[in-house]
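Here is what each chain is made of, one letter per residue.
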Amino acid sequence: MIDVYTTYLTVVIALALCVILALVRVIRGPTAPDRVVGVDTINTIVIVGMVAFGMAFREVIYIDVAIVYALLSFVSTLFLAKYLEGGEF
Amino acid sequence: MIFDYLIYVFLGIGLFFNVLAGVGLLRFPDVYTRLHAGTKCTTFGSIFLIGSVILIGLKLWWEKDTNGSVLALHSALALVAILLTNPVGAHAIARAAHRSGVKPVRAIADHLAESPPLQTGEKTDKKQQPQEEGGK
Amino acid sequence: MKTFVVTTIVSFIIYLLLTTGSGSEVLGLWSYIELLFGLLLSCVVGGVAHHLFIKESFRMANPVRWILFLGYLIGPFFVALAKANLDVAYRVITGKINPAIVKISPGLKTDFGITMLANSITLTPGTLSVDIDEDSNDLYIHWINADVKALEKTPVDCSYVCGKFPKWIRRIAE
């Protein structure tokens, strides 16, 4: 049996490195849509990180939070896209 | 034993594609190609990372641990949420980028810019409702 | 009335999935108070959202369509998703791109079908749906490695961009 705790904490740290890569794009992005793409990618990676974290500690509550975070980040992405598009809400 | 290697393979594939998404975001030249990297790779990576969690949960359930089944079920719901929301978000960003005037770099054809402007307002509000239906 | 019942049942099933393991009275998984509260909440959801959840017909209530949908997800869709990721990996490493925004007319009619096709296109090799013409259901697609032969006709042939997906989706959703 693998050591679930250590393995999944390592996975979470590796995912944090991916978040840093996407964060560089958020900071440098020449246009606003570039930044939104970076934020969207960060959201997905954070959701996966939460699920891995919940597995490491065997706590279901982290995964519940991940589900809610997924739905809320979807709404925020749609809202940002609508804002970029201009026009009436 | 084989189970352990399966978990490691799943984790390896998932992490590889998530890192690839980050590198792709940095390397590609414009918004649309970055969306290709940011959407496809993170979705595929999430399928494998969450799939490994589901497999471990099912194994715990097989060993009569109730916590395992709850973990597997909730992770599967999180995966469904990601699969439904990710492409819709990408579509929304791409549409917003094109309407706010970002041109695709090095494009050899752009039928959307040549076509007459599409309707906005009333029609676009209606469009988001089918996604809500899918989320149920 | 029928739409209200269907919406209530669907939201109650989702509530049951989310609260598994909360008690041990019913089937060892749920407690009575949880079931009661869930039923109450799903009645509220059914009252508020029934006209959004089911628009025109009960076509999707047929279980055969859902089995076909699962088969589509596991079979052709997953293969295309894996290919798409290897393709993106190749382009990230080499940096060879040849992009274009093209127009296709898949000829689907229902909202559910066109949503599914747009999402499938976004997740499959080298394509990303950008915009939609609401009147004729034409899709505008960003294609990362455009084929010069395909660009000669203006509504580009579907088989270049999305393969056999429209056939599957027509069988599932129409």
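Residues numbered from 1 in each chain as written. Chains lettered and ligands numbered in written order. Predicted model: local features only at pLDDT ≥ 70, side-chain atom pairs only at ≥ 80, totals over all residues. Heavy atoms only, no water.

Draft legend 1. Highlighting the overall build of chain B. Within chain B, the regular secondary structure consists of six helices and zero strands. Going residue by residue from the N terminus, the α and β elements of chain B occur as α-α-α-α-α-α. Scored against the burial criterion, the 136 residues of chain B give a buried share of 57%. Across chain B, the fraction of contacts at a sequence separation of at least 24, relative to all contacts at a separation of at least 6, is 68%. Entry remark: accessible area of chain B is about 5700 Å², with carbon and sulfur atoms responsible for 65%. (Helix = DSSP H or I, 4+ residues; strand = E, 2+ residues; numbered from the N terminus. Buried < 20%, exposed > 50% of the residue type's maximum accessible area, 1.4 Å probe, protein only. Contact = heavy atoms within 4.5 Å. Areas by Shrake-Rupley, 256 points an atom, 1.4 Å probe, with all protein chains shown as cover.)

Draft legend 2. Structural context of the nonpolar core. In terms of nonpolar packing, the biggest core is built from 96 residues, with Tyr-8 and Met-55 of chain A together with Tyr-72 and Leu-139 of chain C touching the most fellow members. If near-sequence neighbours (up to four positions away) are discounted, Met-55 of chain A is found in contact with Val-4 and Tyr-8 of chain A together with Val-53, Ile-56, Leu-60 and Leu-71 of chain B. (Core = buried A, V, L, I, M, F, W, Y, C linked by side-chain atoms within 4.5 Å.)

Draft legend 3. Structural view of the packing of aromatic side chains. Using the criterion set out here, one finds 12 aromatic pairs over all chains in the structure. With a centroid separation of 5.5 Å and 85° between ring planes, the pair formed by Tyr-5 of chain A and Phe-57 of chain A is classed as edge-to-face. Of this pair, Tyr-5 of chain A sits in helix H1 (residues 4–28) while Phe-57 of chain A is found in helix H2 (residues 32–57), placing the two residues 52 residues apart along the sequence. Between Tyr-72 of chain C and Phe-77 of chain C, the ring centres sit 6.0 Å apart and the planes meet at 40°, which makes this aromatic pair tilted. By relative accessible area, which is 1% here, Tyr-72 of chain C ends up buried. The exposure class assigned to Phe-77 of chain C is buried, which follows from its relative accessible area of 10%. Aromatic rings pair up to connect Phe-10, Phe-16, Phe-17, Phe-44 and Phe-48 of chain B together with Phe-78 of chain C into one cluster. (Phe/Tyr/Trp six-rings, centres within 6.5 Å; stacked < 30°, edge-to-face > 60°.)

Draft legend 4. Representation of the pattern of salt bridges. For the structure on display, the rule yields six salt bridges over all chains. A salt bridge links Asp-34 of chain A to Arg-34 of chain B; its shortest N-O distance comes to 2.4 Å. One end of the pair, Asp-34 of chain A, is in helix H2; the other, Arg-34 of chain B, is in helix H2 (residues 31–62), on a second chain. No difference in accessibility class separates Asp-34 of chain A from Arg-34 of chain B, as the two residues are buried. For Glu-85 of chain A, the salt bridge is made with Arg-99 of chain B, and the minimal N-O distance between the two is 3.2 Å. (Salt bridge = Lys/Arg side-chain N within 4 Å of Asp/Glu carboxyl O.)

Draft legend 5. Spatial organisation of the environment of Phe-44 of chain B. Note that Phe-44 of chain B resides in helix H2. It is 7.2 Å that separates the C-alpha atoms of Phe-44 of chain B and Gly-14 of chain B, two residues lying 30 residues apart in sequence. Apart from the residues lying within four places of it in its own chain, the contact partners of Phe-44 of chain B are Ile-13 and Phe-17 of chain B together with Phe-78, Leu-81, Ala-82 and Asn-85 of chain C.

Draft legend 6. View of the confidence of the model for chain B. With 77% of its residues at a pLDDT of at least 70, chain B reaches an overall mean of 78. Below pLDDT 50 for its whole length, residues 120–136 of chain B participates in 32 contacts with residues either more than four positions away or in separate chains. (pLDDT = per-residue confidence, 0-100.)

Draft legend 7. Representation of the packing of H1 of chain A against helix H1 (residues 2–27) of chain B. Axis separation between H1 of chain A and H1 of chain B bottoms out at 7 Å; the angle between their running directions is 10°. Here H1 of chain B runs roughly parallel to H1 of chain A, going by the angle between their axes. Every pair of crossing elements has a handedness; the one defined by H1 of chain A and H1 of chain B is left-handed. In contact with Thr-7, Tyr-8, Val-11, Ala-14, Leu-15, Cys-18, Leu-21, Ala-22, Val-24 and Arg-25 of chain A of H1 of chain A, H1 of chain B contributes Ile-7, Tyr-8, Leu-11, Leu-15, Asn-18, Val-19, Gly-22, Val-23, Leu-25 and Leu-26 of chain B. Class assignment for the residues of the contact of H1 of chain A with H1 of chain B results in 16 nonpolar, three polar and one charged. (Axes fitted to C-alpha atoms, helices over the stretch in contact; angles between N-to-C directions. Parallel < 35°, antiparallel > 145°, perpendicular 65-115°, else oblique. Left-handed = near helix turned anticlockwise from the far one by under 90°. Nonpolar A, V, L, I, M, F, W, Y, C, P; charged D, E, K, R; others polar.)

Draft legend 8. Structural context of the pairing of strand E2 (residues 127–133) of chain C. Residue and element names in this part refer to chain C. Across the seven residues of E2, seven count as buried, placing the element largely inside the fold. Bridge count for E2 against strand E3 (residues 138–143) is six bridges, and the pairing is antiparallel. For Ser-129, the partnering residue across the bridge sits in E3 and is Ile-141. Connecting E2 to the next strand, E3, in antiparallel fashion are four residues, including Asn-137 with a positive phi near 55°. (Pairing = 2+ DSSP bridges.)

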